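Close look at the chain arrangement
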Amino acid sequence: MSETDSDKTIYLKDYQAPRFLVESIALIFRLEQECTRVTSRMRLRRAPATAADAPLELHGRQLKLLSVTLDGKVLNCDQYQVDTEYLTLNQLPENFELEILTEINPLENTSLDGLYASGSMLCTQCEPHGFSRITYFLDRPDVLTSFTTRIVADKTRFPVLLSNGNLIETGDLPENRHFVLWEDPFKKPAYLFALVAGQLVTLEDSFTTISGREIAIHFHVEDQNQLKCGHAIKALKKAMHWDEEEYGLEYDLDLYQVVAVDDFNFGAMENKGLNIFNSKYVLALPESATDGDYEAIERVIAHEYLHNWSGNRVTCRDWFQLSLKEGLTVFRDQQYGAYAYPGGGGRIRDVSRLRSFQFPEDAGPLAHPVQPKEYVEINNFYTTTVYEKGAEIIRMLGVLLGEEGFKQGLKIYFARHDGEAVTIEDLLAAMSDATDCNLRQFKLWYDQAGTPEVKITQSWQSATSELILHVTQDCPSTPQQAEKLPLHIPLRVALLDSDGKELDLILADDSAAPGSKPVREQTLEIRERESEFRFQHLPQKPVPSLLRGFSAPVKLKYNYEREELSFLAACDHDSFSRWEAAQKLMLLEIIDLLENHNANPEPQRFSQTFGNLISRKWAASEIDGICELLQLPGEIYIGEQLEKIDPQTIFKARQQFKRDLAQRWAQELEKLFLSLRDNEDYQPRPQDMARRRLKNSALDYLVTLGANGPAQRLCQQQYQDSDNLTDRLAALSGLMEISPAEEVAELDDFFKQGESTPLLLDRWFALQALSKRPDTCQRVAKLTNHTAFTRTNPNRVRALLGSFALANQSAFHQIDGSGYRILSREIITLDRTNPQLAARLAGHFSRWQRLANPYSSQMRKELLTLAKHPQISKDLGEIVRKSLQS
């Protein structure tokens, strides 16, 4: 598989400013599902540094060009050049008007990129380059212009016509047609353009800003979904209020619109004033959405709203700066999540996802810097590295600069660059100017791929009552980056005495003012490959609490004794460090099982900690964090700690460890489960969610005891009596595990109840793909032929194939490679219609070199099959090529 011209690599170092600027664009859409005509009227001018003979190259893909008009004169076809990617014009005046008429077929656009059909609706997805599938344009994020959009359509088929900005005019036309005219007063790049047309119901609400402006809120959904938007509307208003209170940022348009779409490649899109959402992140009722869905809806609604400033008002200069908007906004939505869902569990879950998915990405052939230096297809860089690691980098800025310094830096950034397309360097410059902090070394976090390893050893000096921490940092080599420079790492620490009390910290050579109050938690700034910190005047040898709050996205190596881990899991006041101690202790004991140190050891050390946790009565505000302490390390994370990964062996050892805990504490687990049941109507309140999470965690442990334990009875009763999807799914999942050799009647019941609800059908597919039953692999293969499995819907594909490949290690990693063959076959099929989705699924093959044989050789075999496939897409080809690199 060789690189073709269309697969050429694009480099950050080659960036050049646009040669032409677009002063304004007026669009006219004459909508039909199979034949939409788009008229684009642009006013352009040559950029100051552009040569007089420079050509204008407009991006365009899969467009039927009907005419080109320059300053009122229709051009002949020999006066311009057209190929598969560009429309090129030469010998242009300094200022000119250009009108282009194109024709597209939304119904045939299965890539869900550009203008496409979702059911009876037409909608757009323009990030990163979807606008070039609508009309010819300078489709790059550093070309900002004013948009007006006129939409003409059949009044019966498309009664609702939406675009960005404010509605200026509406009217009726002959032959049952009508039109609307939208105007966006804010200049924006083409990737933020949006259009939606369809038979939609509009739910109206409003929000009064801090300055007293009344903002109209419109949610547009299909008729059957109009009762499912209440939670999302409340979440939006809550996020608007939070951004005003936390950052002083107010919404700028008079109207904020949200549309829910069933067929969508992403979670949502922050188009200026018209957010388009995957329906999964808008629609919720207790019977069709879990607690996790309710929380995800609130977080994603907030994320897209927060983009109004961190992404829209200030956008990125080029796609190498993607984390400038995404990393910053993920951090802001994490902050919002901690406000909306207090209790500490949210931060732990964010870190757990980062370590399970981003850390492996950073250690494999697809590793790339948060600010990539090159790409073939930018769609492949919407990754956990750009998003989640990018958010951790922003969080580190907050740790280093302090809350006020960080907020002041962000204020300067927004004020300085409002209405501009900028770079990561511009953000760091604003932060540096606000605090007089030199961030040149910190910039390496954006430039270097890989997860740093921080190793700490300690020396207790009893004669002088001093504790010395010796810290080293190192970062493994990654593709195209063999050598790494030391990073600027914030390491939050505390020292605990034997009662769990945080001791006063007095550092040798500390420059604290005389008489200042000692601190009990300190941020150590690691800048060198080796550093030493000496804590003085300690009353006893302490236990270090390290990397508190997960202050940096690093792998921490410190040789804790198991007794110390038990102590920290019980006594540490930092919720992350407490969870981390429990994770490390469980990990050590699971690895004991893997290495057969004892044929059948009971997890005694953690077992007692576990028993204490489930036996104690916790305050409602503590339950969310406590529930996370009971969660076992995931199979992916366990595998990442080993030299070679044997998925089946890991699964068996983890299951045995879990079953041993359940056997030892069965009575206490059942008692906990029963104590957390309630008869009140379902409410998606944070404390109620935490109670259900803890209750169903107890049930999950009891399920491992099989039919001989109490779980079958409890699951059947919960499935029958529950008024919410969270409890029903927990019960149904348990029943499937308890009876692995039998068909579960409740599964058929669930299908019948959810057959007409797409999001419930997704759950039905995912339940079976996630099952630990021995026949799951064969069941997934069979489900790919089910009449309800639609490959044109990304949610359905992710529910079955994504759940199978990512979240069910024991089923996907079959010794004979059958799980890999299922995925490979589906990837080839999907690549013909939705290359983005195919490429994302292919990423599950990228870690083949970390697997033990025969898994490694079987997975590589499927990668080679994909590589040899004719007409492989640019998206998929880049992932396969990189994955096969040694």
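Criteria and cut-off values
- Residues numbered from 1 in each chain as written.
- Predicted model: local features only at pLDDT ≥ 70, side-chain atom pairs only at ≥ 80, totals over all residues.
- Heavy atoms only, no water.
- Helix = DSSP H or I, 4+ residues; strand = E, 2+ residues; numbered from the N terminus.
- Buried < 20%, exposed > 50% of the residue type's maximum accessible area, 1.4 Å probe, protein only.
- Contact = heavy atoms within 4.5 Å.
- Areas by Shrake-Rupley, 256 points an atom, 1.4 Å probe, with all protein chains shown as cover.
- Lys, Arg positive; Asp, Glu negative; His and termini not counted.
- Charge placed at Lys NZ, Arg CZ, Asp CG, Glu CD.
- Pairing = 2+ DSSP bridges.
- Core = buried A, V, L, I, M, F, W, Y, C linked by side-chain atoms within 4.5 Å.
- Axes fitted to C-alpha atoms, helices over the stretch in contact; angles between N-to-C directions.
- Nonpolar A, V, L, I, M, F, W, Y, C, P; charged D, E, K, R; others polar.
- Phe/Tyr/Trp six-rings, centres within 6.5 Å; stacked < 30°, edge-to-face > 60°.
- Polar contact = N/O pair within 3.5 Å; in protein donor to acceptor, adjacent residues only side chain to side chain.
- Left-handed = near helix turned anticlockwise from the far one by under 90°.
- Salt bridge = Lys/Arg side-chain N within 4 Å of Asp/Glu carboxyl O.
- Patch = residues over 30% accessible without salt bridge, like charges linked within 9 Å, V, L, I, M, F, W, Y side chains within 5 Å.
- Arc of directions from axis to C-beta.

Moving on, we get to the overall build of the protein. Scanning the protein from terminus to terminus reveals 26 helices and 31 strands. Overall size of the protein, expressed as C-alpha extent along the three principal axes, is 90 × 70 × 60 Å. Per-residue burial for the protein yields a buried fraction of 60% across its 886 residues. Partitioning the contacts of the protein with sequence separation of at least 6, the portion at a separation of at least 24 is 71%. Working note: accessible area of the protein is about 35500 Å², and carbon and sulfur atoms make up 47% of it. Averaging the coordinates of the 99 positive side-chain charges in the protein and doing the same for the 126 negative ones gives two points 2 Å apart.

On the basis of which strands lie adjacent, the open sheet formed by three strands has the order β4-β8-β7 and antiparallel pairing. A single partner strand is all that each edge strand has here, and the edge strands are β4 (56–59) and β7 (81–82). One ladder, built from four bridges, connects β4 with strand β8 (residues 86–89); its direction is antiparallel. Directly across from L58, in β8, lies its bridge partner L87.

It is worth spelling out the nonpolar core at this point. Formed by 282 residues in total, the largest nonpolar core has its most connected members in L31, L56, L98, F131, F219, Y413 and F535. Top contributing element to this core by residue count: helix α5 (residues 384–417), with 13 residues. Setting aside chain neighbours within four positions, we find F535 in contact with S465, E466, L467, L469, V493, L495, L505, I506, L507 and L524.

We now examine the packing of helix α17 (residues 725–738) against helix α18 (residues 745–754). For the pair α17 and α18, interaxial distance at closest approach is 10 Å and the crossing angle is 145 degrees. Of α18, the residues touching α17 (which contributes L725, R728, L729, L732, L735 and M736) are E746, L747, D749, F750 and Q753. Broken down by class, the residue content of the contact of α17 with α18 amounts to seven nonpolar, one polar and three charged.

Once that is clear, we can look at the packing of aromatic side chains. The relation between two aromatic rings is expressed through the spacing of the ring centres and the mutual angle of the planes. By the definition in use, this model includes 35 aromatic pairs. Ring geometry for F606 versus F610: centroids 6.1 Å apart, planes at 55 degrees, classification tilted. Taken together, the positions of F606 and F610, both in helix α10 (residues 604–615) and four residues apart, correspond to about one turn of that helix. Here F606 and F610 have matching classes, each one buried. Both rings, one in F812 and one in Y820, keep their centres 5.1 Å apart while their planes meet at 70 degrees; by these two values the pair is edge-to-face. Both residues of the pair, F812 and Y820, count as buried.

It is worth spelling out the sheet that holds strand β30 (residues 543–546) at this point. Ordered by their spatial adjacency, three strands build an open sheet running β28-β27-β30, and the pairing between neighbours is antiparallel. Edge positions in the open sheet fall to β28 (522–526) and β30, since each of these has one partner strand only. If you compare each strand with its neighbour and ignore which way they point, the axes differ by 35 degrees on average. As paired elements, strand β27 (residues 489–496) and β30 share four bridges and run antiparallel to each other. Bridge assignment links A494 to a residue of β30, and that residue is S545. Where helix α8 (residues 562–571) meets the sheet, it contacts β27 and β30, and its direction lies at approximately 60 degrees from that of β30.

Looking now at the pairing of strand β3 (residues 36–46). By the bridge criterion, 10 bridges tie strand β2 (residues 20–30) to β3 in an arrangement that is antiparallel. Following the sheet pairing, I25 is matched in β3 by M42. In textbook terms, the turn of a hairpin is the stretch between consecutive antiparallel strands, and for β2 and β3 this stretch comprises five residues. Sheet topology places β3 next to strand β9 (residues 95–104); 10 bridges connect them, and they run antiparallel. Bridge pairing in β9 places T36 opposite I104.

Our next topic: helix α24 (residues 835–842). For α24, the tally of buried residues reaches seven of eight residues, placing the bulk of the element in the interior. Structurally, α24 contributes buried residues whose contacts are with α21 (794–807), α23 (818–831) and α26 (874–884).

As a further point, take unusual backbone geometry. Looking along the chain, the bond that leaves E127 and enters P128 is cis, with omega of 0 degrees. Of note, P128 is situated in the loop between β11 (121–125) and β12 (145–154). Note the cis peptide between N853 and P854, where omega equals 10 degrees. Mapped onto the elements, P854 comes out in the loop between α24 and α25 (855–867). The backbone phi angle of S465 is positive, close to 55 degrees, even though this residue is not glycine. Looking at the secondary structure, you find S465 in the loop between β25 (453–461) and β26 (466–474). On the basis of relative accessibility, which here comes to 26%, the residue S465 falls in the partly exposed class.

Here we come to the pairing of strand β19 (residues 255–261). In terms of residue burial, β19 counts as a mostly covered element, since seven of its seven residues are buried. Both strand β18 (residues 214–221) and β19 contribute to a ladder of five bridges, which runs parallel. Looking across to β19, one finds that H218 is bridged to Q257. Sheet topology note: the β19/strand β21 (residues 274–278) ladder contains five bridges and is parallel. When the bridges of β21 are listed, V261 appears paired with N278.

What follows is about the side chain of N109. By secondary structure assignment, the location of N109 is in the loop between β9 and β10 (114–118). Here N109 falls in the buried class, since its relative accessible area comes to 7%. At 2.7 Å, the side chain of N109 and the backbone oxygen of D113 are in polar contact. Setting aside anything within four residues of it in sequence, one finds N109 in contact with G114, L115, Y116 and R133.

This part covers the packing of α21 against α23. With their axes 10 Å apart at the nearest point, α21 and α23 run at an angle of 145 degrees to one another. Of the two elements, α21 crosses α23, and the hand of that crossing is left-handed. When α21 is examined against α23, the residues V797, L801, F804 and A805 are found in contact with a partner set consisting of G819, I822, L823, E826 and L830.

What follows covers the pattern of salt bridges. Counting across every chain of the model gives 67 salt bridges. Here E298 and K238 are joined by a salt bridge, their closest N and O atoms 3.2 Å apart. Within this pair, whereas E298 is found in helix α2 (residues 291–306), its partner K238 is found in helix α1 (residues 230–247), the two being separated by 60 residues in sequence. With relative accessibility at 31%, the residue K238 sits in the partly exposed group. What emerges from the salt-bridge pattern is a single network uniting E295, R349, D624, E628 and R693.

Here we come to a negative patch on the surface. A grouping of E287, D678, D681 and D723 is seen on the molecular surface, where their side chains present a negatively charged patch. Note on placement: E287 falls in the loop between β21 and α2.

Glancing now at the environment of G754. In this fold, G754 is placed in helix α18. Contact partners of G754, with chain neighbours within four places excluded, come to L760 and L761.

It is worth spelling out the environment of N438 at this point. Of note, N438 is situated in the loop between α6 (424–435) and α7 (444–447). With a relative accessible area of 38%, N438 lands in the partly exposed category. Each C-alpha atom of the pair N438 and L428 lies 9.3 Å from the other, and the pair is 10 residues apart in sequence.

Taken residue by residue, α18 has E746, L747, F750, F751 and G754 as its buried positions. The arc that holds the buried residues of α18, viewed along the axis, is 145 degrees, so those residues lie on one side. Opposite its buried face, α18 presents the exposed residues A745 and K752, each directed more than 90 degrees away. Residues of α18 that are buried in the fold lie against α16 (711–721), α17, α19 (758–770) and α20 (776–783).

In short, shape yes, function no, at least from these values alone.
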